[in-house]
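# Structural overview for review
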Amino acid sequence: MKFIYYTFFFFLVSITVFGQEITIDETLAKVKQEAEKEHYDKALSLIEPLRAKYPENEDIQIYTGRIYSWKKDYNTALKILLPMADRANPNLEAVEAVINVYFWSEQYEKCINYCDKFLAVQPNSVDVLKTKVTCLEKLNRDQEALEIIERASLADNSTQAFRGIRTLIGRKAKNAVSVSYLNISTSDPGQSPSHYAYAEYSHKFSKSAIVGRANIGNVNNSTQMLFEADFYQTFKNKSYLYANAGASTGETVFPVAKVGLEYYFKPQKKFDFSLGARFMHFENDDVTLLTGQLAYNTGSYTIAYRPYYDTSNELFSHVLSLQKVNEEKERILRFELQYGNVPYLYLYNGLSSPLTSYRAGVQYQYRFGDSFFVRPIFLYEYEEYIPGEYRNRFNVQLILTKRF
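In short, a report on the structure. Not measured: the values here are computed from a predicted model. (Residues numbered from 1 in each chain as written. Predicted model: local features only at pLDDT ≥ 70, side-chain atom pairs only at ≥ 80, totals over all residues. Heavy atoms only, no water.)

### Examining the overall build of the protein chain
Looking only at helices and strands, the protein chain features nine helices and 14 strands. Dimensions of the protein chain, computed from the C-alpha atoms along their principal axes, are close to 120 × 40 × 35 Å. Across the 404 residues in the protein chain, those meeting the buried criterion constitute 41%. The long-range fraction of contacts in the protein chain, counting pairs at least 24 apart against all pairs at least 6 apart in sequence, stands at 42%. For the protein chain, the separation between the mean place of its 46 positive charges and that of its 46 negative charges on side chains is 5 Å. (Helix = DSSP H or I, 4+ residues; strand = E, 2+ residues; numbered from the N terminus. Buried < 20%, exposed > 50% of the residue type's maximum accessible area, 1.4 Å probe, protein only. Contact = heavy atoms within 4.5 Å. Lys, Arg positive; Asp, Glu negative; His and termini not counted. Charge placed at Lys NZ, Arg CZ, Asp CG, Glu CD.)

Pasting the structure below:
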C-alpha cells in the first residue's frame, strides 16, 4: 500500500510541476511575442505576475530587466539586474544585460567596467569586446581601443567585427594630404592634351576645417598656377557652410581670381539641400554661376541633382548623380550624367557663345589599410567646341589621399 501511495503522490507532484512549466513557457512565449512587437507595457503586464510568483527564477528576472531596458526605463532595469550581476558568482546573462543598459544610456565608463567583469570569465566574447571598444572610442580613448582590436584580430585572425569602429577612429584624424593628376584629351578633331595637377593639405578643427591647395596647369604649352583655400564651418543643426577663394599666376589656364560660397542643410531626414554661388574673373570676362543641390538618401545610396546657371550667358547646366557608399570600408562608387557647360572641379572657361556638352562619368574610391585612399575618375564628353561642331573629350584623373 505504501508503494502505491508514494507512487500516486509523486505522480501528482510531477503533474503539478509539469503544469507549472507549461504555464511558464506559454506565458513567456506570449511575453516574447509582445516584446518583439515593441508592446513593452503588454509584455510587462504578462511577465510581472510570473516574476512575483517565481522570484528565484533568474531567467524570468533577467528577461524582465531586458524589457525595461528596451522600454528605456534604465533605472528599473538596473534595480532588477544589478543584484544578479554584482554578487560574488555573477549571472553572466545579467552582466550582459547590464552592459547593454549602460551602453544604451551612454554611461560608457560603467559599461566598460561590466564589460571587464564579463570578459574575465569569457575573454573571447566578440560582442562584448566590440561593445567595450565602442565605449572607448566614444570616450576618445582611441589608442586603447585599437590595442584591443589588434589583440582580438590576432586571436581570431579576422578584423571583420571591428571594421566599423576602426573607420570611426580613422575619421578622427585631423590632417590629410592629397595629390592629383588630371589629363584632358580630345579626338575627332584632336588637339594637344591638357595637364593639371594639385597638392593639398587639410586640417580639421572641432567644428571647422581648412584646406590649402596649389594647382598647376599646362594648356597649349602655357604653364600657370592657381592657389586656393577652402573653409568649412559646421553648425549644431548638422548644416555647414563651404567657402572658397583663389588667385592664379596667369590669365588663361585658370581664372585670374575666384570665390565661392555654398550653404548645405538638411531639413528632412532623407533629404539634403544646398544653395550657393561661384564667381570667376577671367582676363576678358567675369562669370557668375548660381548653383545648389537636391539629394535624396536611401540607405547606402544617394540620388542628387545639381543645376548651374551662368548669369552672363543665361545658360543652364545640369548634373544628375547616383552614389553608393560603404560607410564601414569608406568606399564610394559614383555615376554622373551631365549636360551643358558644367565646371569640372576648378576648371571653367568664360563663354562667348552658349556651347554645350553631353557627359557621362564614373569615379570610385578605395581605402587601403586605415588611412590611404585611391580615387580614379573618368568622364567622357561629347563636346560642342564651335557652334554646331562636336568632338570627343576624355577626362582622366587620379587622386591619392593620406590622412593622419
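Past the structure itself, the notes keep going.
### What about the side chain of Lys 258?
Checked against the element boundaries, Lys 258 lands in strand β6 (residues 257–268). Of the polar contacts made by the side chain of Lys 258, one reaches the side chain of Glu 228; its length is 3.3 Å. (Polar contact = N/O pair within 3.5 Å; in protein donor to acceptor, adjacent residues only side chain to side chain.)

### A few points about the pairing of strand β3 (residues 208–219)
For strand β2 (residues 194–204) and β3, the ladder comprises ten bridges, and the chain directions are antiparallel. Each bridged residue has a counterpart across the sheet, and for Lys 204 the counterpart in β3 is Ala 209. Joining the antiparallel neighbours β2 and β3 is a turn of three residues. With twelve bridges joining them, β3 and strand β4 (residues 222–234) adopt antiparallel strand pairing. Opposite Asn 215, over in β4, you have Leu 226 as the bridge partner. (Pairing = 2+ DSSP bridges.)

### Some words on a positive patch on the surface
Taken together, the side chains of Lys 238, Lys 266, Lys 269 and Lys 270 make up a positively charged region of the molecular surface. With respect to the element layout, Lys 270 can be found in the loop between β6 and β7 (271–281). We classify Lys 270 as partly exposed; its relative accessible area is 43%. (Patch = residues over 30% accessible without salt bridge, like charges linked within 9 Å, V, L, I, M, F, W, Y side chains within 5 Å. Areas by Shrake-Rupley, 256 points an atom, 1.4 Å probe, with all protein chains shown as cover. Salt bridge = Lys/Arg side-chain N within 4 Å of Asp/Glu carboxyl O.)

### Some points on helix α2 (residues 40–53)
Over its 14 residues, α2 extends 20 Å from the first C-alpha to the last, a length consistent with the 20 Å expected when each residue adds 1.5 Å. Of all the bends in α2, the greatest, near 30°, is centred on Ile 47, and the proline Pro 49 appears no more than four residues after it. What α2 keeps buried is the set Tyr 40, Ala 43, Leu 44, Ile 47 and Leu 50. (Expected span 1.5 Å × (residues − 1). Bend = angle between axes of the 7 residues up to and from the residue.)

### Examining a nonpolar patch on the surface
A cluster of nonpolar side chains, Tyr 301, Ile 303, Tyr 305, Leu 320, Leu 322, Leu 333, Phe 335, Leu 337, Val 362, Tyr 364, Phe 378 and Val 396, forms an exposed patch at the surface whose accessible area comes to about 990 Å². Of all the secondary-structure elements, those providing two or more residues to the nonpolar patch are β9 (301–310), β10 (315–326), β11 (331–339) and β12 (357–368). Mapping Leu 337 onto the fold places it in strand β11.

### Some thoughts on the environment of Ala 176
With respect to the helices and strands, the residue Ala 176 is situated in strand β1 (residues 175–187). Residue Ala 176 is classed as buried on the basis of its relative accessible area of 13%. Once the C-alpha coordinates of Ala 176 and Tyr 366 are considered, the two residues, 190 residues apart in sequence, prove to be 16 Å apart. When sequence neighbours within four positions are dropped, the list of residues in contact with Ala 176 reads Glu 200, Tyr 201, Ser 202, Thr 401, Lys 402, Arg 403 and Phe 404.

### Some words on the environment of Phe 227
Within the secondary structure, Phe 227 is located in strand β4. In this structure, Phe 227 is in contact with Arg 213, Ala 214, Ala 245, Gly 246, Ala 247 and Thr 249, ignoring residues within four places of it in sequence.

### Observations concerning the nonpolar core
Ranked by size, the top nonpolar core spans 50 residues in total, and within it Ile 47, Ile 67, Leu 81, Val 98, Ile 99 and Tyr 114 carry the most contacts. Contacts of Val 98, omitting those with residues within four sequence positions, involve Leu 78, Leu 81, Leu 82, Ala 85 and Tyr 114. (Core = buried A, V, L, I, M, F, W, Y, C linked by side-chain atoms within 4.5 Å.)

### Examining the pattern of salt bridges
On inspection of all chains with the given rule, the structure shows 27 salt bridges. Between Asp 41 and Lys 71 there is a salt bridge; the shortest N-O distance is 2.7 Å. Residue Asp 41 is located in helix α2, and its partner Lys 71 is located in the loop between α3 (58–70) and α4 (74–86); the two are separated by 30 residues in the primary sequence. The salt bridge partner of Arg 171 is Glu 327, with a shortest N-O separation of 2.7 Å. Pair noted here: Arg 171 is in the loop between α9 (163–170) and β1 and Glu 327 is in the loop between β10 and β11, with a separation of 156 residues, a long-range link. The class of Arg 171 is partly exposed, set by a relative accessible area of 32%. Here the residues in one salt-bridge network are Arg 171, Glu 327, Glu 330, Arg 367 and Arg 403, joined through shared partners.

### Points about helix α6 (residues 108–119)
Between its terminal C-alpha atoms α6 stretches 16 Å, which fits the 16 Å expected from twelve residues at 1.5 Å a residue. Buried residues along α6 sit in contact with α4, α5 (92–104) and α7 (126–138).

### A look at the packing of aromatic side chains
Within this structure, the stated rule accounts for 20 aromatic pairs. Note on Tyr 380 and Phe 394: the rings are 5.6 Å apart at their centroids and 45° apart in plane angle, and the pair reads as tilted. Separated by 14 residues along the polypeptide, Tyr 380 in strand β13 (residues 372–386) and Phe 394 in strand β14 (residues 389–403) bring together distant segments of the chain. In this structure Tyr 380 comes out as partly exposed when scored by relative accessible area, which is 28%. Phe 394 gets classed as partly exposed once you look at its relative accessible area, which sits at 28%. Aromatic ring contacts, followed pair by pair, group Phe 235, Tyr 263, Phe 265, Phe 271, Phe 273 and Tyr 296 into a single cluster. (Phe/Tyr/Trp six-rings, centres within 6.5 Å; stacked < 30°, edge-to-face > 60°.)

### Digging into the pairing of β12
When a strand is regular, its side chains alternate between the sheet's two faces. The two faces of β12 differ: Ser 357, Arg 359, Gly 361, Gln 363, Gln 365 and Arg 367 on one face are buried, but Tyr 358, Ala 360, Val 362, Tyr 364, Tyr 366 and Phe 368 on the other face are not. Of the strand pairs in this sheet, β11 and β12 are connected by eight bridges, and their pairing is antiparallel. Its bridge partner lying in β12, Leu 337 is registered against Ala 360. Here ten bridges tie β12 to β13, and the two strands are oriented antiparallel to one another. Within β13, the position partnered with Gln 363 by the bridge is Ile 377. Counted between consecutive antiparallel strands, the loop separating β12 from β13 contains three residues, among which Gly 369 sits at a positive phi close to 65°.

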